[in-house]
Each structure stands twice: as structure tokens, then as C-alpha cells.
Amino acid sequence: MTTITRYACGLDHRAMAELLNKIINAGGTTALTSTVSKSEIASWVAKDPDKSAWFVAEDTVGKLLGFQWIWPSKMHGPDACDIATFVALGQTGLGTGSALFEKTKQAASGLAYRWINATIRADNAGGLAYYQSRGFETYTTQKDVPLSDGQIVDRISKRFEL
């Protein structure tokens, strides 16, 4: 399957929200517990536009396969950005995340970040494997972190040096 990656634009926000909501509703992989709207995605994209980058991956007919973004890390200072990756249910392991990360890694360097932080639920085996396979290294674990719905999870933070 051919995957096309590009910067996200306003026309992508609805499809991004739909993809993300399917993941949220399936549960078990994201810290997000409430569905999001197209408007919420748009507001996230608009925040820190000079220090963030948003990419989408789609197939040759324009079907959204996944998206990824980086934004300034509040916890780690100006040298670090945080990353989030979402790939459509049933589409993991097909190279979508790899294609997205190549673009994101270049963007992070271009934005003068020195490293990328990924914080993943400890019970998200796929997410942990994905970031490990990209070269992220574990540097801390947070125990018993409450999610907005009251669920308690451990979270593992991984670091990628640019």
C-alpha cells in the first residue's frame, strides 16, 4: 500500500476527529477519554503554530490512515517537544507510523528541538513497541496516573534524541 504523508490542513480536521474518536471509543490506547470535535482539533492545530507541526498519512485516494503532531513540551522546556501519534484502527503495522515519523523528525529538527518526548500508557503495547522501534528510549515511569474518566494507569515516558 502506498502511503502519502503531508502537512495537515483545515480540510483534514473532520477526518482527524473521526479517526481519533474511533480510537478513543475503542479504549485502552490513549489517555484521551472523551471524544473530540472538528473544532477541538482545529483549536489544537492553531495553538503554538510556530513551534508545532501536524502531519497526516493517507492512501492514494485520500483516505486518512493516521496523523501525528509535535508541540512544545511544557514539562521539559524549550529543547523538547511532545509527540502524539494516531493510526486508524486495523491499520497499524503497515508503515503509516513510520512514514509519519520521518516527516515529524525533520520538522522537530527544523523547529530547533533537541529531543522528542513520548508519554504512553503502560498498557498500550502497540504504542510502546512503535516508539521503541523508532529509537525512543525509556527514561521514566509514572505510576497510578488518573485519567479524566477516573481510570488509573501507569505511563511510560520515552525520549528520542534529534
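See the structure above.
Residues numbered from 1 in each chain as written. Predicted model: local features only at pLDDT ≥ 70, side-chain atom pairs only at ≥ 80, totals over all residues. Heavy atoms only, no water.

Draft legend 1. Layout of the overall build of the protein chain. Within the protein chain one finds four helices and seven strands. The N-to-C order of helical and strand elements in the protein chain reads β-α-α-β-β-β-α-β-α-β-β. Projected onto its principal axes, the C-alpha coordinates of the protein chain cover approximately 40 × 35 × 30 Å. Sorting the 162 residues of the protein chain into buried and exposed places 42% on the buried side. At a minimum sequence separation of 6, the contacts of the protein chain that also span at least 24 residues come to 60%. Surface accessibility of the protein chain: about 8,400 Å² in total, with carbon and sulfur atoms responsible for 51%. Each charge sign in the protein chain was given a centre, from 17 positive and 16 negative side chains, and these centres are 2 Å apart. (Helix = DSSP H or I, 4+ residues; strand = E, 2+ residues; numbered from the N terminus. Buried < 20%, exposed > 50% of the residue type's maximum accessible area, 1.4 Å probe, protein only. Contact = heavy atoms within 4.5 Å. Areas by Shrake-Rupley, 256 points an atom, 1.4 Å probe, with all protein chains shown as cover. Lys, Arg positive; Asp, Glu negative; His and termini not counted. Charge placed at Lys NZ, Arg CZ, Asp CG, Glu CD.)

Draft legend 2. Here's a closer look at the nonpolar core. In terms of nonpolar packing, the biggest core is built from 21 residues, with I70, I83, F101, I116, Y131 and F136 touching the most fellow members. Broken down by element, the residue count for this core peaks at four residues, all from helix α3 (residues 96-110). With near-sequence residues (within four places) excluded, F136 lies in contact with I83, F101, I116, A118, Y131, K158, R159 and F160. Within the second largest apolar cluster, 17 residues are counted, among which are A8, V36, W69 and A88. (Core = buried A, V, L, I, M, F, W, Y, C linked by side-chain atoms within 4.5 Å.)

Draft legend 3. Expanded view of the pairing of strand β4 (residues 80-87). With eight of eight residues buried, β4 lies mostly within the body of the structure. Alternating residues of β4 divide into A80, D82, A84 and F86 and C81, I83, T85 and V87, and every residue in both groups is buried. In terms of strand pairing, strand β3 (residues 64-72) meets β4 through seven bridges, oriented antiparallel. Counterpart to W71 in the pairing with β4 is D82. (Pairing = 2+ DSSP bridges.)

Draft legend 4. Just the packing of aromatic side chains, in detail. Tallying each qualifying case throughout the model produces 14 aromatic pairs. When the centroid spacing of 5.8 Å and the interplanar angle of 85° are considered together, the rings of W115 and Y139 count as edge-to-face. Within this pair, whereas W115 is found in strand β5 (residues 115-121), its partner Y139 is found in strand β6 (residues 137-146), the two being separated by 24 residues in sequence. Aromatic ring contacts, followed pair by pair, group W44, W54, F67, W69, W71 and F86 into a single cluster. Against the face of Y113 rests K51, its NZ or CZ located 4.5 Å from the ring centre. In this arrangement the basic side chain of R159 is found over the ring face of W115, its NZ or CZ atom lying 3.8 Å from the centre. (Phe/Tyr/Trp six-rings, centres within 6.5 Å; stacked < 30°, edge-to-face > 60°. Lys NZ or Arg CZ within 6 Å of the ring centre and 35° of its normal.)

Draft legend 5. Main features of the sheet that holds β6. Strand order in the open sheet formed by seven strands is β1-β2-β3-β4-β5-β7-β6, with mixed pairing between adjacent strands. The sheet terminates laterally at β1 (4-7) and β6, the two strands that pair on one side only. Between one strand axis and the next, the sheet turns by 25° as a mean value, whatever way the strands run. Alignment of β1 against strand β2 (residues 53-58), held across four bridges, turns out to be antiparallel. (Axes fitted to C-alpha atoms, helices over the stretch in contact; angles between N-to-C directions.)

Draft legend 6. Structural detail: unusual backbone geometry. The phi dihedral of D48 falls on the positive side, at around 50°, and the residue is not glycine. Structurally, D48 is set in the loop between α2 (38-46) and β2. Backbone geometry at D144 places phi at a positive 55°, although glycine is not the residue there. Looking at the secondary structure, you find D144 in strand β6.

Shape is all these values report; function is a separate question.
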